[in-house]
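# Fold and geometry: a report
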Amino acid sequence: MKNAKINVSKFNFYYGDSRVLKDITIDIPENRVTGIIGPSGCGKSTFLRSLNRMNDVILGSRAEGSVMLDGRDIYGRDVDVAGLRRKVGMVFQKSNPFPKSVFENVAYGLRIDGIKDKYFIEERVERSLRDAALWSEVKDRLRDNAFELSGGQQQRLCIARALAIEPEILLMDEPASALDPTATLKIEELIQELKKKYTIIIVTHNMQQAARVSDLTAFFMLGELVEYDITSIIFTKPSKKLTEDYITGRFG
């Protein structure tokens, strides 16, 4: 695929003897939103976490095949995994702010990286909060504990925290599943803005959400990539009957 940011080829992933991803081959374009849909247990989140090697921490897990990011295999022996995770940020299903102030949540990654310049940190925190569409709501509350924010604000704070270290890719694992419709809409609007700067891959169980926010959609089933195409095609003219059956609610 032209302008692919990530090229996955014949990728398999195992938990012990169990193969949970089977020969996944997919090209993910730059500055687009790629949605991943499929029933529970189909390998969506495992695949997402494979893209920044978060599955490495699971005892007995192993990968085969290649995941090329800007032409370099992230599973190569010489890869700096910490550096990879700075480049490929992650936002989880449940907002997970640290028990710190709003400001220190966003500044956390910068401090971990050894940055001490107070003005640089302040500028980056503000920019990240602006990019996460949160600045106007928290600019007078930067010293408040992050847990005092609403659920939707906490999730956007976690997005700001991920953006602060300037990743190129943002992985989102069902980022709005715990939020009410109003907060969900804000997250979806934010995703449309963020794709101007970042490559976004989002796992969602909500097919309407996938149809709204994704430029391309990948349908996973039992660890296999069944179909991958432009979102409008997946939802109106899928080439596989299995995709059509899932989209129309015959199973899942």
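Data block above holds the structure.
Residues numbered from 1 in each chain as written. Predicted model: local features only at pLDDT ≥ 70, side-chain atom pairs only at ≥ 80, totals over all residues. Heavy atoms only, no water.

## Side note on the packing of aromatic side chains
The following threshold applies: Only the six-membered ring of Trp is used, alongside the rings of Phe and Tyr, when aromatic pairs are assigned; centres must lie within 6.5 Å, and planes under 30 degrees apart are stacked while those over 60 apart are edge-to-face, with the rest tilted. Put simply, DSSP H or I for four residues or longer makes a helix, DSSP E for two residues or longer makes a strand, and each gets a number counted from the N terminus. The cut-offs for exposure are 20% and 50% of the maximum accessible area for each residue type, with area from a 1.4 Å probe on protein chains only; residues under the lower value are buried, those over the upper are exposed, and the others partly exposed. Either the NZ atom of lysine or the CZ atom of arginine qualifies as a charge over a ring when it sits within 6 Å of the ring centre and within 35 degrees of the ring normal.
Applying the stated rule across the entire model yields six aromatic pairs. Look at F219 and Y246: their rings are 5.0 Å apart centre to centre, the planes differ by 15°, and that puts the pair in the stacked class. Here F219 is found in strand β9 (residues 216-221), whereas its partner Y246 is found in helix α10 (residues 241-247), with 27 residues between them in sequence. Each of the two residues, F219 as well as Y246, counts as buried. Every member of this aromatic cluster is reached through a ring pair, and the members are F11, F13, Y15 and Y75. Residue placement shows R62 over the ring face of Y14; its charged tip is 4.0 Å from the ring centre. In this arrangement the basic side chain of R161 is found over the ring face of F98, its NZ or CZ atom lying 4.0 Å from the centre.

## As for the side chain of T204
Defined as follows: Pairing of N or O atoms within 3.5 Å defines a polar contact, subject to two protein rules: one partner must be a possible hydrogen donor and the other a possible acceptor, and residues neighboring in sequence count only if both atoms are side-chain atoms. For this analysis, residues touch if any pair of their heavy atoms sits within 4.5 Å.
Note that T204 resides in the loop between β8 (199-203) and α8 (207-213). Reaching out from T204, the side chain makes a polar contact with the side chain of Q209 at a distance of 2.9 Å. Apart from the residues within four sequence positions on either side, T204 is in contact with I36, I37, K44, E174, Q209 and A210.

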